[in-house]
Amino acid sequence: MLKKFMLLLLLLTSVPISATSAWYLGTINRVWPNAQDGGFVITFSGNSSLSDCKHGYAYFLTSQLQPEILKNSLSVALSAFHAGSSVGVIIDKALHDGSCLATGIDLRK
């Protein structure tokens, strides 16, 4: 019995705990280039899923994205902003003390 308990305890403590990213959906109402290296911020219209993020912003930073992906993300964000289309943004809120650092974006209909 003790061996089974120890095995169960070992399994439970060795399971990696990892935060999961999730999609946050909304319509962009602001695109703000805020860094010399190409980083930018977006906000969503109305009461959005970003409301519990620091300042209600989704940050796209070079520390999180490769330069080409950052440029492509800005292109998608600007296209969605001008078209009034919804986007999905991949964010892991748990990793950055309330700052929502985006790792991807897609255009939605």
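Residues numbered from 1 in each chain as written. Predicted model: local features only at pLDDT ≥ 70, side-chain atom pairs only at ≥ 80, totals over all residues. Heavy atoms only, no water.

## Topic: the overall build of the protein
Regarding its fold elements, the protein presents two helices and five strands. By the burial criterion, 31% of the 109 residues in the protein qualify as buried. For the protein, the accessible area works out to roughly 7,200 Å², and carbon and sulfur atoms hold 60% of it. (Helix = DSSP H or I, 4+ residues; strand = E, 2+ residues; numbered from the N terminus. Buried < 20%, exposed > 50% of the residue type's maximum accessible area, 1.4 Å probe, protein only. Areas by Shrake-Rupley, 256 points an atom, 1.4 Å probe, with all protein chains shown as cover.)

## Observations concerning the state of the cysteines
All chains considered together, the criterion is met by one disulfide. Each sulfur in the disulfide pair Cys53 and Cys100 lies 1.9 Å from the other. With the S-S dihedral at roughly -85 degrees, the linkage between Cys53 and Cys100 falls on the left-handed side. Within this pair, whereas Cys53 is found in the loop between strand S2 (40-44) and strand S3 (58-60), its partner Cys100 is found in strand S5 (residues 100-108), the two being separated by 47 residues in sequence. (Disulfide = S-S within 2.5 Å.)

## Structural notes on the confidence of the model for the protein
Counting all residues, the mean pLDDT for the protein is 83, and 80% of those residues have values of 70 or more. Counting contacts from residues 5-18, a segment whose pLDDT is below 50, to residues more than four positions away or on other chains yields zero contacts. (pLDDT = per-residue confidence, 0-100. Contact = heavy atoms within 4.5 Å.)

## Observations concerning the pattern of salt bridges
In the structure shown here, the tally under the stated rule is two salt bridges. Residue Glu68 is joined to Lys71 by a salt bridge in which the shortest nitrogen-to-oxygen separation is 3.6 Å. Taken together, the positions of Glu68 and Lys71, both in helix H2 (residues 67-83) and three residues apart, correspond to about one turn of that helix. Put simply, Asp106 and Arg108 hold a salt bridge, and the shortest N to O gap is 2.9 Å. (Salt bridge = Lys/Arg side-chain N within 4 Å of Asp/Glu carboxyl O.)

## Quick look at the nonpolar core
Counting 19 residues, the largest nonpolar core has Ile28, Ile42, Phe60, Val89, Ile91 and Ile105 as the members making the most contacts within it. Mapped by element, the contributors of at least two residues to this core are strand S1 (22-33), S2, S3, H2, strand S4 (86-91) and S5. In this structure Ile42 touches Ile28, Arg30, Val31, Leu50, Gly56, Tyr57, Ala58, Phe60, Ala77, Val89 and Ile105, once residues within four positions along its chain are discounted. (Core = buried A, V, L, I, M, F, W, Y, C linked by side-chain atoms within 4.5 Å.)

## A look at unusual backbone geometry
The backbone of His55 sits at a positive phi, close to 65 degrees, despite the residue not being glycine. Within the fold, His55 resides in the loop between S2 and S3.

## Quick notes on the pairing of S1
Pairing of S1 with S4 involves six bridges; the strand directions are antiparallel. The residue of S4 that forms the bridge with Trp23 is Ile90. When S1 meets S2, the two strands line up antiparallel, connected through five bridges. Opposite Ile28, over in S2, you have Phe44 as the bridge partner. Counting the residues that bridge the hairpin from S1 to S2 gives six residues, and of these Gly38 lies at a positive phi of roughly 105 degrees. (Pairing = 2+ DSSP bridges.)

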